[in-house]
Amino acid sequence: MDEFFMRRALELAKKGGENVKPNPMVGAVIVKDGQIIGEGYHEIYGGPHAEVNAISSLKQSAQGGILYVTLEPCCHYGKTPPCVNTVMENALKRVVIGNVDPNPLVKGKSIEILKEHGIEVTVGVLEKECRDLNKEFNRSWE
């Protein structure tokens, strides 16, 4: 099932297209009891990230749900606050990440933060597809 929901997150991510540059395209899906209850993507540079947009779309609590996100949530302040905080505040039980963020400000740090707060983390679901989505962004950190 992880791949099914990550594919939906990838579809959403592509909607960001050129509007998010130089940031990466990111999609997020929130699932509870096997059903999608929230979706979002990074729509425009400087705007809310995919995780925040997915949480904003909710019509019910995300508590106990699963977040599928194509790129590791950010854990630093930039144009927006850290997404990892929003994820934790919404009591998600699990986060499934397609690709680790290559940005040195993030690069695995959010994964550790989530685990330290008792959230189960799975990394690498459709990793190649998630990484390929943002080749240009990834190259900027190589």
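Further up the page is the structure itself.
These numbers come from a predicted model, not from an experiment. (Residues numbered from 1 in each chain as written. Predicted model: local features only at pLDDT ≥ 70, side-chain atom pairs only at ≥ 80, totals over all residues. Heavy atoms only, no water.)

1. Topic: the nonpolar core
Thought 1: I30, L67, V69, V95 and L114 are the most contacted members of the largest nonpolar core, which has 26 residues in total.
Thought 2: Those elements that provide at least two residues to this core are strand 1 (27–32), helix 2 (50–56), strand 3 (66–71), helix 3 (83–89), strand 4 (94–99) and helix 4 (109–116).
Thought 3: Of all hydrophobic cores here, the second largest spans 18 residues; its members include V29, I66, V96 and L126. (Core = buried A, V, L, I, M, F, W, Y, C linked by side-chain atoms within 4.5 Å. Buried < 20%, exposed > 50% of the residue type's maximum accessible area, 1.4 Å probe, protein only. Helix = DSSP H or I, 4+ residues; strand = E, 2+ residues; numbered from the N terminus.)

2. Focus on the packing of aromatic side chains
How two aromatic rings sit relative to each other is given by the distance of their centres and the angle of their planes.
Thought 1: A full pass over the atoms with the stated rule returns three aromatic pairs.
Thought 2: Each ring, one from F4 and one from F5, has its centre 5.1 Å from the other, and the planes form 80°; the classification is edge-to-face.
Thought 3: For F4, a relative accessible area of 54% translates into the label exposed.
Thought 4: A centroid spacing of 5.3 Å and a plane angle of 40° characterise the contact between F5 and Y68, whose relative ring orientation is tilted. With a gap of 63 residues between them, F5 in helix 1 (residues 2–14) and Y68 in strand 3 connect regions that are remote in the sequence.
Thought 5: Taking the relative accessible area as the measure of exposure, Y68 reaches 2% and is therefore buried. (Phe/Tyr/Trp six-rings, centres within 6.5 Å; stacked < 30°, edge-to-face > 60°.)

3. What to know about helix 4
A turn of α-helix holds 3.6 residues, and therefore any two residues three or four places apart point the same way.
Thought 1: Looking at helix 4, one finds that the buried residues are S110, I111 and L114. With its buried residues spanning 105° around the axis, helix 4 presents them on a single face.
Thought 2: Along its buried surface, helix 4 packs onto helix 3, strand 4 and strand 5 (120–123).
Thought 3: Downstream of helix 4 by a residue or two, G118 has a phi angle that is positive, lying close to 80°. (Arc of directions from axis to C-beta. Contact = heavy atoms within 4.5 Å.)

4. Comments concerning the sheet that holds strand 4
Thought 1: Reading across the sheet, the five strands line up as 2-1-3-4-5 and stay open at both edges, with mixed pairing between neighbours. Across the chains shown, the open sheet's two edge strands, defined by having one partner strand only, are strand 2 (35–41) and strand 5. In this sheet, adjacent strand axes meet at a mean angle of 15° when their direction is disregarded.
Thought 2: Lying over the sheet, helix 1 contacts strand 1, strand 2, strand 3 and strand 4, oriented at roughly 140° with respect to strand 1. (Pairing = 2+ DSSP bridges. Axes fitted to C-alpha atoms, helices over the stretch in contact; angles between N-to-C directions.)

5. A look at the layout of surface pockets
Thought 1: Taken as a whole, the largest pocket encloses approximately 410 Å³ of empty space.
Thought 2: If you trace the largest pocket, you find 26 residues lining it, with N23, P24, H49, C74 and H76 closest to the centre.
Thought 3: Residue composition of the lining of the largest pocket, by class: 13 nonpolar, nine polar and four charged.
Thought 4: Estimates place the volume of the second largest pocket at around 220 Å³.
Thought 5: Taken together, 14 residues make up the lining of the second largest pocket; nearest its centre are K21, P22, N23, E136 and F137. (1 Å grid on protein atoms, 1.4 Å probe; cavity = no way out; pocket = protein on both sides within 12 Å on 5 of 7 lines; lining within 4 Å. Points joined across faces, edges and corners; volume = space filled by probe spheres on them. Nonpolar A, V, L, I, M, F, W, Y, C, P; charged D, E, K, R; others polar.)

6. As for unusual backbone geometry
Thought 1: Backbone torsion omega between K21 and P22 reads 10°, so that peptide bond is classified as cis.
Thought 2: With respect to the helices and strands, P22 occurs in the loop between helix 1 and strand 1.
Thought 3: With a phi angle near 55°, D33 is a residue other than glycine that sits in the positive phi range.
Thought 4: Exposure remark for D33: the relative accessible area of 75% places this residue in the exposed category.
Thought 5: Here the phi dihedral of L126 falls at roughly 55°; this positive angle occurs in a residue that is not glycine.
Thought 6: Relative to the elements of secondary structure, L126 occurs in the loop between strand 5 and helix 5 (127–133).

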